Amino acid sequence: MHKELEIVLQRWSGRMVGKPQYILWNKLMRLRPDLKQLTSTITEGVKQIQIARQHLEQAEKEQILQQKAKGTWLQLGDGNNLYFHVIVKGKNKQIGIQQLEDSQGHLLTEHKEIEVEVLHFYQGLVGKAASNLKHVDIVALGNGKQLEEEYKQDLIKKVTDKEIWEALKGVGDNKAPGCD
């Protein structure tokens, strides 16, 4: 039996004395708070269903627009091959690096090999942490202007794979690594 039905039966089954109209009115008054709560719960459920339907309708509209856009690209591609190939090249560029030549001249095509080579290349640019610095006057440095602690921490935090990947994707076709 449902919880709500049990509550109704419990409130309704209490024994009362009086005229039938008075007994009915009293039983309804005892049920009133429970019915309000039940109505509120049902109303909230209906609202959630309506929101879910709106999200579904929006997703369906977006899918239709994507299909129409893809159709337009195909039509323009058939009539204008240059435009079509530029769009395809741009899409392929967004996907990632397909091949890379390492420092020994070997062509790398596997994603893991490319990842290792890129990390090796940039680690070579950055260098390694020194265990001690020679010929640096620490006292003089301490008396000069200092970065706030937050900025100091930013300078020594580890670079994430995501940051490396985003940086590599941002390099244009006609750009080479290094200082400009």
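Just so you know, these numbers come straight off a predicted model, no measurement behind them.

**Remarks on the pattern of salt bridges**
1) Next: Going through the model one piece at a time under the given rule, you end up with two salt bridges.
2) Next: Across the pair E115 and K112 runs a salt bridge, and its minimum N-O distance is 3.8 Å. Here K112 and E115 lie together in helix 4 (residues 111-126), a separation of three residues that amounts to about one turn.
3) Next: One salt bridge in this structure joins E166 and K169, with 3.8 Å as the shortest N-O distance. Of this pair, E166 and K169 both sit in helix 7 (residues 161-169), three residues apart, which is roughly one turn of the helix.

**What to know about the side chain of D102**
1) Next: One can find D102 in the loop between strand 1 (100-101) and strand 2 (107-108).
2) Next: Of the side chains with opposite charge, K112 comes closest to the buried, unpaired D102, at an N-O distance of 16 Å.
3) Next: Here Q104 takes part through its backbone nitrogen, which lies 3.1 Å from a polar atom of the side chain of D102.
4) Next: Here H106 takes part through its backbone nitrogen, which lies 2.7 Å from a polar atom of the side chain of D102.
5) Next: Here D102 is in contact with L108 and E117, once residues within four sequence places are set aside.

**Remarks on the confidence of the model for the protein chain**
1) Next: Scored by pLDDT, the protein chain comes out at a mean of 78, with 78% of its residues at no less than 70.
2) Next: Looking at the elements of the protein chain, mean pLDDT is at its lowest for helix 3 (residues 81-95), recorded as 70, and at its highest for strand 2, recorded as 87.

**A few points about the environment of L107**
1) Next: Residue placement: L107 occurs in strand 2.
2) Next: Setting aside anything within four residues of it in sequence, one finds L107 in contact with Q99, L100 and E101.

Reading the values: the criteria
- Residues numbered from 1 in each chain as written.
- Predicted model: local features only at pLDDT ≥ 70, side-chain atom pairs only at ≥ 80, totals over all residues.
- Heavy atoms only, no water.
- Salt bridge = Lys/Arg side-chain N within 4 Å of Asp/Glu carboxyl O.
- Helix = DSSP H or I, 4+ residues; strand = E, 2+ residues; numbered from the N terminus.
- Buried < 20%, exposed > 50% of the residue type's maximum accessible area, 1.4 Å probe, protein only.
- Lys, Arg positive; Asp, Glu negative; His and termini not counted.
- Polar contact = N/O pair within 3.5 Å; in protein donor to acceptor, adjacent residues only side chain to side chain.
- Contact = heavy atoms within 4.5 Å.
- pLDDT = per-residue confidence, 0-100.

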